[in-house]
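Analysis of the macromolecular model
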Amino acid sequence: MSITNDSTVAEVLEEYGKVTRSHLTDWLPQGEPQDYLYGPLADYPLRGGRMFRPSLCIATGRMFGADINELLPAAVSIELLHNALLIHDDIEDESEERRGQPTLHKQIGTPLALNAGDSLAFLSLRPLIKANSVAGSAMVLRMLEEFDQMAQQTAEGQALDLGWRRDNHIELREEDYLTMVLKKTCWLTTLFPIRLGALIGSGGRANLDSLFNFAFFLGAAFQIQDDVLNLVGDHERYGKELAGDLLEGKRTLMLVNLLEISSPEERIKIKSILDAPRETRSKDSVRWLQDAMTDRGCIQYAKELAHGLAGAASHEFEKVFSELPDSPDKTFLSKLPAWVIERS
């Protein structure tokens, strides 16, 4: 399933990312208060990123027969919302770095960053609503229903993630982690873009529920690989704080696996480390957790599960998309399962 030296995915992400970013800037408001709202609101969208989510929407839609111009409102909406939630995530996680720069709340303070995130989230609906003149009111309503479903699932997943950390919950199993990932990651990252693209591309005729397994397996592999990169990735390419998940006490697959295989004494020590607030959690304790995950095979276990999920995604791709005609977009989508676990 290797894609080493295959530039297909990178080229499509570059192409669709460029066109999405170009149209996205047209939706960023200008005017006052520039310093307190519209400048901060535009910060994360203008920092770049891989543009994975909008590219997934565009490629799926084109594979089903849509013109790229029909898909751009949805692609822009997805990217605006993604960046809004990143602002909120960074505040909730007390993160210090995003895309190689200080997080927005570190730059301008939490109250202004929260308000910018709120405004960006509201703004993300505007491209869908304004698509009425091209797509028609019935299609816009369908898109907004998809948006509503995704928003609820995403909020539930974030609540699980934050609640487990607040209560220092350590009685978790792999299935709990995957449920959280389905809600928090997969709905926004893969399910929503794929469903929206298929909806638009098919003119509402596609069976969106048949796409669930492919999108879930792809999104779960994506998240697990992201968790792994947070521990062992290249800092410059990763763009976020290495080992930040451990500082934040996130219940990653590696941490859940470590808790499952640890002795009662070790679990007490892990719970004690996680009990400490981020600002008082020592580097030595974080290093102990990281070394324990390495020595006990938790990181390798996560890599293997990500590979397994990516393989399952490839299998599902053949099941649900085999009857669609070959195209560059179909090739791009077929290579994504390997790409999500080989990216660095």
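Shown above is the structure to which this text applies.
This brings us to the overall build of the protein chain. From N to C terminus, the protein chain includes 18 helices and two strands. Expected size for 344 residues packed as a compact globule is a radius of gyration near 20 Å; at 20 Å, the protein chain falls within 12% of this value. Taken over the C-alpha atoms alone, the protein chain extends approximately 60 × 50 × 35 Å along its principal axes. Sequence separation of at least 24 residues holds for 75% of the intrachain contacts in the protein chain that already meet a minimum separation of 6. By element, 50% of the accessible surface of the protein chain is carried by carbon and sulfur atoms, the whole surface being about 15,200 Å². One way to put it: in the protein chain the 36 positive side-chain charges average out to a point 0 Å from where the 52 negative ones average out.

As a further point, take the side chain of D90. Mapped onto the elements, D90 comes out in helix α4 (residues 68–93). Judged by its relative accessible area of 1%, D90 is buried. Dropping the residues within four chain positions of it, D90 is found in contact with Y44, S95, R98, T103 and H105.

Another aspect to go through is the packing of helix α10 (residues 174–201) against helix α11 (residues 212–232). Remark: α10 packs on α11, axes separated minimally by 8 Å, with the N-to-C direction vectors making an angle of 115 degrees. Judged by the twist between their axes, the crossing of α10 over α11 is right-handed. Here Y177, L178, V181, L182, T185, C186, T189, T190, L191 and I194 of α10 come into contact with α11, specifically with F212, F214, A215, F216, L218, G219, A220, F222, Q223, I224 and D227. Considering only residue class, the contact of α10 with α11 consists of 15 nonpolar, five polar and one charged.

Below, the discussion takes up the pattern of salt bridges. Scanning all chains against the criterion turns up 23 salt bridges. Here E175 makes a salt bridge to R173, at a shortest N to O gap of 3.8 Å. Judged by its relative accessible area of 48%, R173 falls in the partly exposed class. Here D209 makes a salt bridge to R195, at a shortest N to O gap of 3.1 Å. Note that D209 is positioned in the loop between α10 and α11 and R195 in helix α10, a separation of 14 residues in sequence. Via salt bridges that share partners, D93, E96, D161, R165, K184, D245, E248, K250 and R278 belong to a single interconnected network.

This paragraph deals with the environment of W288. Along the chain, W288 turns up in helix α16 (residues 283–295). For W288, a relative accessible area of 29% translates into the label partly exposed. C-alpha separation for the pair W288 and K183, spaced 105 residues apart in sequence, amounts to 30 Å. Apart from the residues within four sequence positions on either side, W288 is in contact with K269, I270 and I273.

Moving on: helix α2 (residues 34–47). The sharpest bend along α2 comes to roughly 25 degrees, located at P40. Within the sequence span of α2, burial applies to L37, Y38, P40, L41, A42, D43, Y44, P45 and R47. The elements touched by buried residues of α2 are α1 (8–27), α4, β1 (97–98), β2 (101–102), α5 (104–108) and α6 (110–123). Two residues or fewer past α2, G48 is found with a positive phi of approximately 105 degrees.

Procedures and definitions
- Residues numbered from 1 in each chain as written.
- Predicted model: local features only at pLDDT ≥ 70, side-chain atom pairs only at ≥ 80, totals over all residues.
- Heavy atoms only, no water.
- Helix = DSSP H or I, 4+ residues; strand = E, 2+ residues; numbered from the N terminus.
- Rg over C-alpha atoms; globule rule 2.2 N^0.38 Å.
- Contact = heavy atoms within 4.5 Å.
- Areas by Shrake-Rupley, 256 points an atom, 1.4 Å probe, with all protein chains shown as cover.
- Lys, Arg positive; Asp, Glu negative; His and termini not counted.
- Charge placed at Lys NZ, Arg CZ, Asp CG, Glu CD.
- Buried < 20%, exposed > 50% of the residue type's maximum accessible area, 1.4 Å probe, protein only.
- Axes fitted to C-alpha atoms, helices over the stretch in contact; angles between N-to-C directions.
- Left-handed = near helix turned anticlockwise from the far one by under 90°.
- Nonpolar A, V, L, I, M, F, W, Y, C, P; charged D, E, K, R; others polar.
- Salt bridge = Lys/Arg side-chain N within 4 Å of Asp/Glu carboxyl O.
- Bend = angle between axes of the 7 residues up to and from the residue.

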